[in-house]
Amino acid sequence: MANYFSKAVTFFKSRKGIIISILSILFLWFLLSLPDPLFKDKTSTVLEDSNGELLTAQIAADGQWRFPYNNKVPQKFKECIILFEDRSFYYHPGFNPLAFCRAIIQNLKAGKKMSGGSTITMQVIRLSRKGQKRTYLEKLIEIIQATRLELSESKSNILALYASNAPFGSNVIGLDAASWRYFGRSADKLSWSESATLAVLPNAPGLIYPGKNQERLRTKRNRLLDKLFTKGIIDKETCDLAKQEPLPGKPHPIPQLAPHLLQRASKDGGNGKRIRTTINGQLQNSVNEIIENHHKILKGNEIHNACAIVIEVSTGNVMAYTGNTSNPGKPEYNSDVDVINAPRSTGSILKPFLFTSMLNDGELLPGTLIPDIPTQIAGYAPQNYNTTFDGAVPAKRALARSLNVPSVRMLQNYGIEKFNYNLKKIGMTTLNRPPDHYGLTIILGGAEAKLWDLTAMYASMARALNNYIPNGGKYNQNDLHPNIYIGMPQRKPELVSVNYFDAASIYLTFEAMVEVARPDEDAGWRQYTSANKVAWKTGTSFGFRDGWAIGVTPKYVVGVWVGNADGEGRPGLTGIQTAAPILFDIFSLLKPSPWFELPFDEMEKVAVCRKSGSRATDICTEKDTIRIQRNGLHSEPCPYHKIIHLDHSGGYRVNSNCEDVNSMQHVSWFILPPAMEWYYKSKNPSYKVLPPYRNDCEVQGLSSMEIIYPKQFSKIYVPVEIDGSMGKTIFEVAHRRFDALIYWHLDGKYIRSTRSIHQMGLTPDEGKHILTLVDENGESLVEQFEILSKRK
């Protein structure tokens, strides 16, 4: 081993060994001489639509318009730049000795630098070695590295490196940025004249700048056009016409078709990259126009912000993303805020998810009657939009009319925890606090949501319904996912038998959403109808701060939000008045599609009571056979039909104490609880109230009275008035008979009586009390309550 080492040392000390060692080192340096990557400059973030057309771009961090590397160089520019800069580009190994020698001779004769003799490959190296002095040593390094570059890259890639990094004057770097800044379109759409103009610019970008030195630029361009004609690349007519085209003047602004999606993409890791999105460029432009057209009207009411998003159901791809309105010169209107991704109060927009949840769990049918009466739950008293009550309303009608009181009662029955869990499971990302924090108010806007999440949730439901039949009655777990704005391959289906919502419940929910309307605007609402059947829902947050509208078809989901980004409320800022018109204008752009297929395998035909909407019992007198979700077989049967006993005339109720059973008529009667009945009969003239008991019969069974407020064992907080006295509490009672007389007693002391309208303002002292009500027939009702106050 020692002998071998000694021979090696002797060899390297010899002249031949030294030469070989030096050559080896030089060869190794040659192989490693190119930095990786060659260019490390900051680049602009570029957003493209699904076809590669520019949507918008953001200037690079160093203040340059420098688009990311593009390996495609348009043929026209390719012909121009090679003819102008390096005619033997395709034949030399990176360095052209003839051109280099010719340049040296020209420079010596002129006594100054006239030509550099650099090839395009050498210019690529020079562009990568920024800040280096123009010396012969530097030129030698360029030659060596250019030769090395030719060994590792194709001519096409070298040309693309040049086109992507050549200077084009001012802060414009690269062909892509130059074509947009100087001509307002992509490089592949440039004419021969425009391509020739850009080809001559990198030769002297500081001297020949569009908008200045026009004649020098024109001369250079025309000279190049003549060369193109001489070479037979273009004909005489094309050459003459190209010379007549104007030169670029003031730089064009970069398109701003989706600036808020650009912000989002940058934050999502796309900063400095070229991002191909799923956006349909034409649709994006049209949606922008719709938003701005409505914005012109809305700002008359000091409503300055709006956004819209369009989702393709089958893929979840975002087809249009208008994140806000444009308010130039008005920073106080927060136009830079991406409202699509901003948490906002939901208003009523979550109600369909509660409806679907209860259908899915078999807790109701679409037509199940829900109480719509004055309601107080732990001090919370929801009100309907029109401040009236219907007594009882079918669940699907409550959803279509967006009634608040029935929705709160539905949520109370279903459970706040379960509903919160469902919302999170299907994609709502803003529920960051315990369910008790939101309480029952979550169904009316007590929580915040993003339009991004909401549209994804509706799209996932539509996708599950669309794919249920093609998947053979199974569900693809991968159908539940967020919206997608960057194209990606579809995931392999993972079929399961049970879904977060069954197809039938989703179908019935969408059917209920087709006829959404406000009861006080039914007559004028038809102006918003669309040829395309749409399941849709609006929402309005407390204080008129947010207007929502979301629509669903088998192909698309469209979401719209309108309001002020700073949260300022405005009169008339409702989903129905501000967001819905935008929603249907956008749907008019989209191709109509057939409605969802009925998921027969998830449905059963059953008889339901026509009046209660619940599963029919044997004593229901009017029945309809309909298809319901399979889990609906476990829903409560009709609770409102009862058998009552009438005398032979049918005009009075009787019992066995006052009438022979054989003389009675046993009749099935639709009977609502007194409070529900009180309001229901005013809206439903066909409702038949119970006949009174005959005078000789003792009242039995069903109560004729019900206390609307307060409920049994309620704790009532009564604020102290300005003068220090205790405020009044309004007690309200419902009686089945309109003209009934009720005697009121508080803590055993008679107060007074009421007839027809049974309301009374009382001021009980702090503490527990007993309210006793007795009607003229001797029927009584007793409830206990407690008064709380801050009185000291």
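Residues numbered from 1 in each chain as written. Predicted model: local features only at pLDDT ≥ 70, side-chain atom pairs only at ≥ 80, totals over all residues. Heavy atoms only, no water.

A.B. asks: Just to check I follow, could you spell out the overall build of the protein chain for this structure?
C.D. replies: A tally of helices and strands in the protein chain yields 23 helices and 28 strands. Its C-alpha radius of gyration of 39 Å places the protein chain more than 25% over the 28 Å reference for a compact globule of 792 residues. Within the protein chain, buried positions represent 53% of all 792 residues. Surface exposure of the protein chain reaches about 37,500 Å², of which carbon and sulfur atoms provide 53%. Seen as two clouds, the 93 positive and the 77 negative side-chain charges of the protein chain have centres 13 Å apart. (Helix = DSSP H or I, 4+ residues; strand = E, 2+ residues; numbered from the N terminus. Rg over C-alpha atoms; globule rule 2.2 N^0.38 Å. Buried < 20%, exposed > 50% of the residue type's maximum accessible area, 1.4 Å probe, protein only. Areas by Shrake-Rupley, 256 points an atom, 1.4 Å probe, with all protein chains shown as cover. Lys, Arg positive; Asp, Glu negative; His and termini not counted. Charge placed at Lys NZ, Arg CZ, Asp CG, Glu CD.)

A.B. asks: Would you mind going over unusual backbone geometry with me for this structure?
C.D. replies: Leave glycine aside and you will find that most residues have negative phi; peptide bonds, for their part, are mostly trans. Cis peptide bonds are those with omega within 30 degrees of zero, and the linkage from Tyr709 to Pro710 qualifies with 0°. Of note in this structure, Asn334 is not a glycine but carries a positive phi near 55°. As for its placement among the helices and strands, Asn334 is situated in the loop between β7 (318–322) and β8 (344–345). Of note in the backbone geometry, Asp747 takes a positive phi value of approximately 55° without being a glycine. For Asp747, the location among the structural elements is in the loop between β24 (741–746) and β25 (749–755). A relative accessible area of 40% places Asp747 in the partly exposed class.

A.B. asks: For this particular structure, what's the right way to read the packing of helix α3 (residues 75–85) against helix α9 (residues 192–200)?
C.D. replies: Packed helices, taken two at a time, are described by the angle their axes make and the gap between the axes. Contact pair α3 / α9: the axes reach a minimum separation of 9 Å and the direction vectors enclose 40°. One way to sum up the angle between α3 and α9 is to call them oblique. Considering only the axes of α3 and α9, their crossing is right-handed. Facing Lys76, Phe77, Glu79, Cys80, Ile81 and Phe84 of α3, the residues of α9 in contact are Trp192, Ser195, Ala196, Leu198, Ala199 and Val200. Class assignment of the residues belonging to the contact of α3 with α9 gives a composition of nine nonpolar, one polar and two charged. (Axes fitted to C-alpha atoms, helices over the stretch in contact; angles between N-to-C directions. Parallel < 35°, antiparallel > 145°, perpendicular 65-115°, else oblique. Left-handed = near helix turned anticlockwise from the far one by under 90°. Contact = heavy atoms within 4.5 Å. Nonpolar A, V, L, I, M, F, W, Y, C, P; charged D, E, K, R; others polar.)

A.B. asks: It is not clear to me how the nonpolar core should be interpreted in this structure. Could you clarify?
C.D. replies: A general feature of soluble globular proteins is that nonpolar side chains tend to end up buried together. By size, the foremost hydrophobic cluster in this structure holds 78 residues, and its most contacted members are Leu350, Phe353, Phe419, Leu423, Ile442, Leu454 and Phe510. Looking at this core, the element that brings in the most residues is helix α19 (residues 451–468), giving eleven residues. For Leu350, the residues in contact, after removing those within four places along its chain, are Phe419, Leu423, Met428, Ile442, Ile443 and Leu454. (Core = buried A, V, L, I, M, F, W, Y, C linked by side-chain atoms within 4.5 Å.)

A.B. asks: Please explain the environment of Lys728 as it appears in this structure.
C.D. replies: Topologically, Lys728 is positioned in the loop between β22 (714–717) and β23 (729–735). Accessibility expressed as a relative area gives 62% for Lys728, which makes it exposed. Each C-alpha atom of the pair Lys728 and Leu762 lies 5.4 Å from the other, and the pair is 34 residues apart in sequence. Not counting residues within four places of it along the chain, the set of residues in contact with Lys728 comprises Val718, Glu721, Gly761, Leu762 and Thr763.

A.B. asks: Quick question: what am I supposed to make of the sheet that holds strand β27 (residues 767–775) here?
C.D. replies: Reading across from one edge, β22-β28-β27-β24-β25 is the order of the five strands in this open sheet, with mixed pairing throughout. The sheet is open, and its two edges are formed by β22 and β25, each paired on a single side. Averaged over all pairs of adjacent strands, the angle between strand axes in this sheet comes to 30°, irrespective of strand direction. Two strands pair when backbone bridges link them, and β24 and β25 are joined in this way by five bridges, in the antiparallel orientation. Opposite Tyr743, over in β25, you have Ser753 as the bridge partner. (Pairing = 2+ DSSP bridges.)

A.B. asks: Would you take a moment to explain the side chain of Ser191 for this structure?
C.D. replies: Structurally, Ser191 can be placed in the loop between α8 (175–183) and α9. In this structure Ser191 touches Lys76 and Glu245, once residues within four positions along its chain are discounted.

A.B. asks: Where do I start with the confidence of the model for the protein chain in this structure?
C.D. replies: Parts of the prediction with low pLDDT should not have their coordinates interpreted in detail. Here the protein chain shows a mean pLDDT of 88. Residues at 70 or above account for 91%. For the protein chain, per-element mean pLDDT is lowest for helix α21 (residues 522–525), which scores 40, and highest for β7, which scores 98. Across residues 518–528, where pLDDT falls below 50, the model places 21 contacts with residues more than four positions away in sequence or in other chains. (pLDDT = per-residue confidence, 0-100.)

A.B. asks: I tried to follow the pattern of salt bridges on my own but got confused; where do I start?
C.D. replies: Working definition: two side chains of opposite charge can pair if their charged atoms are close together. This structure, assessed with the given rule, holds 31 salt bridges. A salt bridge links Lys155 to Glu150, with the shortest nitrogen-to-oxygen separation between them at 2.9 Å. With relative accessibility at 17%, the residue Lys155 sits in the buried group. Residue classification places Glu150 among the buried residues on the basis of a relative accessible area of 16%. The partner of Asp390 in a salt bridge is Lys683, and the shortest N-O contact between them spans 2.7 Å. Taken together, the residues Asp390 in the loop between β9 (369–372) and β10 (391–394) and Lys683 in helix α23 (residues 674–683) connect sequence positions 293 residues apart. Connected via shared salt-bridge partners are Glu48, Asp176, Arg274 and Arg276. (Salt bridge = Lys/Arg side-chain N within 4 Å of Asp/Glu carboxyl O.)

A.B. asks: Explain the pairing of strand β15 (residues 546–552) to me, please; I cannot follow it from the model alone.
C.D. replies: Across the seven residues that make up β15, a large majority, seven, are buried. On β15, burial covers both faces: Asp546, Trp548, Ile550 and Val552 on one face and Gly547, Ala549 and Gly551 on the other are all buried. Here strand β14 (residues 535–540) pairs with β15 via six bridges, running antiparallel. Looking at the pairing, Lys537 lines up with Ile550 of β15. Between β14 and β15, which pair antiparallel and follow one another directly, the connecting turn spans five residues, one of which, Gly543, has a positive phi of 80°.

A.B. asks: Help me out: how do you make sense of the state of the cysteines in this one?
C.D. replies: A covalent bond between the sulfur atoms of two cysteines is referred to as a disulfide. Counted under the stated rule, the structure contains one disulfide. A sulfur-sulfur distance of 1.6 Å marks the disulfide that ties Cys658 to Cys697. Negative torsions about the S-S bond denote left-handed disulfides, and the value of about 95° found for Cys658 with Cys697 makes this one right-handed. Here Cys658, found in the loop between β19 (641–646) and β20 (665–670), pairs with Cys697, found in the loop between α23 and β21 (705–709); they are 39 residues apart in sequence, far enough to count as distant. With respect to class, Cys658 is no different from Cys697; both count as buried. Between Cys239, a cysteine without a disulfide, and Cys80, which holds the nearest cysteine sulfur, the sulfur-to-sulfur distance is 11 Å. Judged by its relative accessible area of 2%, Cys239 falls in the buried class. (Disulfide = S-S within 2.5 Å.)

A.B. asks: How do you make sense of the packing of aromatic side chains when you look at a structure like this?
C.D. replies: A ring pair, where both rings are aromatic, is described by two values, the distance of the centres and the angle of the planes. All chains considered together, the criterion is met by 17 aromatic pairs. Each ring, one from Trp536 and one from Phe584, has its centre 5.1 Å from the other, and the planes form 90°; the classification is edge-to-face. Residue Trp536 is located in strand β14, and its partner Phe584 is located in helix α22 (residues 575–587); the two are separated by 48 residues in the primary sequence. The interplanar angle of 50° and the centroid separation of 6.4 Å between the aromatic rings of Tyr743 and Tyr750 together place this pair among those described as tilted. Given a relative accessible area of 30%, Tyr743 falls into the partly exposed group. By relative accessible area, Tyr750 is classed as partly exposed at 47%. Chaining the aromatic ring pairs together yields one cluster made of Tyr640, Phe670, Tyr680 and Tyr687. Directly above the aromatic system of Trp452 lies the positively charged group of Arg264, at a separation of 3.7 Å from the ring centroid. Cation over ring: Lys418 sits above Tyr414, and NZ or CZ is 4.1 Å from the ring centre. (Phe/Tyr/Trp six-rings, centres within 6.5 Å; stacked < 30°, edge-to-face > 60°. Lys NZ or Arg CZ within 6 Å of the ring centre and 35° of its normal.)

A.B. asks: Would you explain the pairing of β24 in this entry?
C.D. replies: Along any regular strand the residues' side chains alternate between the sheet's two faces. Among the six residues that make up β24, five are buried, leaving the element largely enclosed by the rest of the structure. Strand direction decides the pairing type here: β24 and β27, joined by five bridges, are antiparallel. Within β27, the residue paired with Ile742 across the bridge is Asp775.

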